[in-house]
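Here are the chains, one letter per residue:
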Amino acid sequence: MNSGIPLELYLILATIMFFIGVYGFLTRRNLITILMSVELILNSVNINFLAFNRYLFPGKLDGHFFSLFIIAVAASEAAVAIAIIINIYRRFSTINVEDVNEMKY
Amino acid sequence: MFAIFALVIVVFSVFTVTSRKILRAAVSLLMVLIATAGLYFLLNYQFLAAVQLTLYAGGIVVLIIFSILLTSQISHKFEAVEWKKSIFSALAAIAGAIVVITTILNHTFSADTAAASEVNMDVIGKSLLGTGRDGYVLPFEVISLLLVAAMIAAIVIAKKGSPQIEEKVKINDSE
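Residues numbered from 1 in each chain as written. Chains lettered and ligands numbered in written order. Predicted model: local features only at pLDDT ≥ 70, side-chain atom pairs only at ≥ 80, totals over all residues.

(A) Highlighting the overall build of chain B. Along the backbone of chain B there are seven helices and zero strands. Listing the helices and strands of chain B from first to last along the sequence gives α-α-α-α-α-α-α. Across the 175 residues of chain B, 22% fall into the buried class. Taking the intrachain contacts of chain B between residues at least 6 apart in sequence as the baseline, contacts between residues at least 24 apart amount to 45%. (Helix = DSSP H or I, 4+ residues; strand = E, 2+ residues; numbered from the N terminus. Buried ≥ 20, exposed ≤ 12 C-beta atoms within 10 Å, placed from the backbone. Contact = placed C-beta atoms within 7 Å.)

See the structure below:
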């Protein structure tokens, strides 16, 4: 079932993915690409949860359901974020974070 | 198989955060999510892999591509990232990755000896709605509430300008 792949490989892969997401979050200046980096980060955390669940606690399903709930939260987060982005675009005609520097009050 | 998925994930993750064309970044994100679903299949969590494919790859990426089409010109190329910012961000990311990876490699994981439980729809449904020891009915209900709240919020936010805003715009125009 585990086909001989050590748990550490999954964890290292998730770590690399997480920090690529962090790099994108720090360097990107476009709201949608920042959102995409956040999705990368959430996804890597999901891999971690599932690998831990399968390798360390195969008799339980906690990690499985945690990942399920993370996916649901990510979906709602993306929906709200994109609504906000579209609203910002309507007001400022740009979604570059450096150009959006004025609040309502 | 794992090597292929890992390679796809790493390469397309880098593409996602460095590509200067936004639609290409979105497609790379799609590839990453699909490869992650492959990893879930490899771990024998078929249900979650299906959820990943439908919700992430089918839902979120389509949403992102739609918003890209609404807000940007596709042919538009981002200006290159300032090298100073790029280097410092890369340094921060690499330092963090090194710390985490050394911690992982120095730690010995001890596996639970319990027999592997089969993850089929029967088990998933019973524990999602169970109220007993391994039941998840409370988070399940909370997440359904969250989804309703997010849906309403998205509609309210994206709704064409509230009357207050339009009034303000009119006042500004008349001034």
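(B) Broad picture of the overall build of chain A. Tallying secondary structure elements over chain A gives three helices and zero strands in all. For chain A, the N- to C-terminal ordering of α and β elements is α-α-α. Compactness check: chain A gives a C-alpha radius of gyration of 18 Å against a globular reference of 13 Å for 105 residues, more than 25% above the reference. Counting only C-alpha atoms and orienting by the principal axes, one finds that chain A spans roughly 55 × 25 × 20 Å. Within the span of chain A, comprising 105 residues, buried residues form 48% of the whole. (Rg over C-alpha atoms; globule rule 2.2 N^0.38 Å.)

(C) Representation of the interface of chain B and chain A. Listed as interface residues are 66 residues of chain B and, on the opposing side, 60 residues of chain A. Within the residue set of the side of chain B that touches chain A, elements represented by two or more residues are α1 (2-18), α2 (22-42), α3 (46-71), α4 (83-106) and α6 (137-158) of chain B. It is α3 of chain B that provides the largest number of residues to the side of chain B that touches chain A, a total of 13 residues. Residue composition of the side of chain B that touches chain A, grouped by class: 51 nonpolar, 13 polar and two charged. (Nonpolar A, V, L, I, M, F, W, Y, C, P; charged D, E, K, R; others polar.)

(D) Highlighting the confidence of the model for chain B. Scored by pLDDT, chain B comes out at a mean of 83, with 86% of its residues at no less than 70. Reported for the predicted complex are a pTM of 0.85 and an ipTM of 0.88. (pLDDT = per-residue confidence, 0-100.)

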